[in-house]
Amino acid sequence: MSKILIVDDSPAQLYSLCKMVESGGHQPIPAESGEKALELAADEHPAVILMDIVMPGMSGYTATRQLHRSNSTQHIPVIFVSSKSGEADRDWGLRQGAREYVTKPVNRDDLLKAISAAIAA
């Protein structure tokens, strides 16, 4: 069982993603903001971070860049989980350091495959 940090400002999305992660045998760690994600990533050392992009305050892009600048969190793979579904959005997300990009509405099997691939890499 791996710890998976899930970052989303929508309580409904956060709940849904936590349930998907649990169904895959992982331990979800919910965070409602990019700022909280930075704090929890440093404290909990998750195996993977699922990161929303569009959030009030710190965006997922900014949070991911900050995670990759810190020695204690730069090794943690980030998977963007976003409603931004354009090819340019995906390319930009991967350029920001994400390992994978999953679009909403999230397909449970696709998400669990992305998590497994990120853990194995």
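Figured I'd write up the structure that's included with this text. Please read these numbers as outputs of a predicted model, since none were measured by experiment.

With parallel pairing, five strands are arranged side by side in an open sheet as E2-E1-E3-E4-E5. Each edge of the open sheet is held by one strand with a lone partner, namely strand E2 (27-31) and strand E5 (100-103). Each adjacent strand pair in this sheet contributes to an overall mean axis angle of 20 degrees, direction not counted. Direction of pairing for strand E1 (residues 3-7) relative to strand E3 (residues 48-51): parallel, over a ladder of four bridges. Within E3, the position partnered with valine 7 by the bridge is methionine 51.

Taking 1.5 Å as the rise per residue, helix H1 (residues 11-23) with 13 residues should run 18 Å; its terminal C-alpha atoms sit 18 Å apart, in good agreement. By the burial criterion, the buried members of H1 are Leu14, Leu17, Cys18, Met20 and Val21. The arc enclosing the buried residues of H1, seen along the axis, measures out at 165 degrees, which places them on a common side. In H1, the exposed residues that point more than 90 degrees away from the buried face are Pro11, Ala12 and Tyr15. Elements that come into contact with the buried residues of H1 comprise E1, E2, E3, strand E4 (78-82) and helix H5 (108-120).

With that out of the way, let us pick up the nonpolar core. With 20 residues, the main nonpolar core has Leu5, Val7, Ala41, Ile49, Met51, Leu67 and Phe80 as its most contacted residues. Residue assignment for this core shows that the elements contributing at least two residues are E1, E2, helix H2 (34-44), E3, helix H3 (60-69) and E4. Residues in contact with alanine 41, not counting those within four places in the same chain, are Leu5, Pro46, Ile49, Leu67, Thr73 and Ile76. Core analysis: the next-biggest nonpolar cluster, separate from the first, contains 18 residues, Ile4, Leu17, Val21 and Ile115 among them.

What counts, and where the lines are drawn
Residues numbered from 1 in each chain as written. Predicted model: local features only at pLDDT ≥ 70, side-chain atom pairs only at ≥ 80, totals over all residues. Heavy atoms only, no water. Pairing = 2+ DSSP bridges. Helix = DSSP H or I, 4+ residues; strand = E, 2+ residues; numbered from the N terminus. Axes fitted to C-alpha atoms, helices over the stretch in contact; angles between N-to-C directions. Expected span 1.5 Å × (residues − 1). Buried < 20%, exposed > 50% of the residue type's maximum accessible area, 1.4 Å probe, protein only. Arc of directions from axis to C-beta. Contact = heavy atoms within 4.5 Å. Core = buried A, V, L, I, M, F, W, Y, C linked by side-chain atoms within 4.5 Å.

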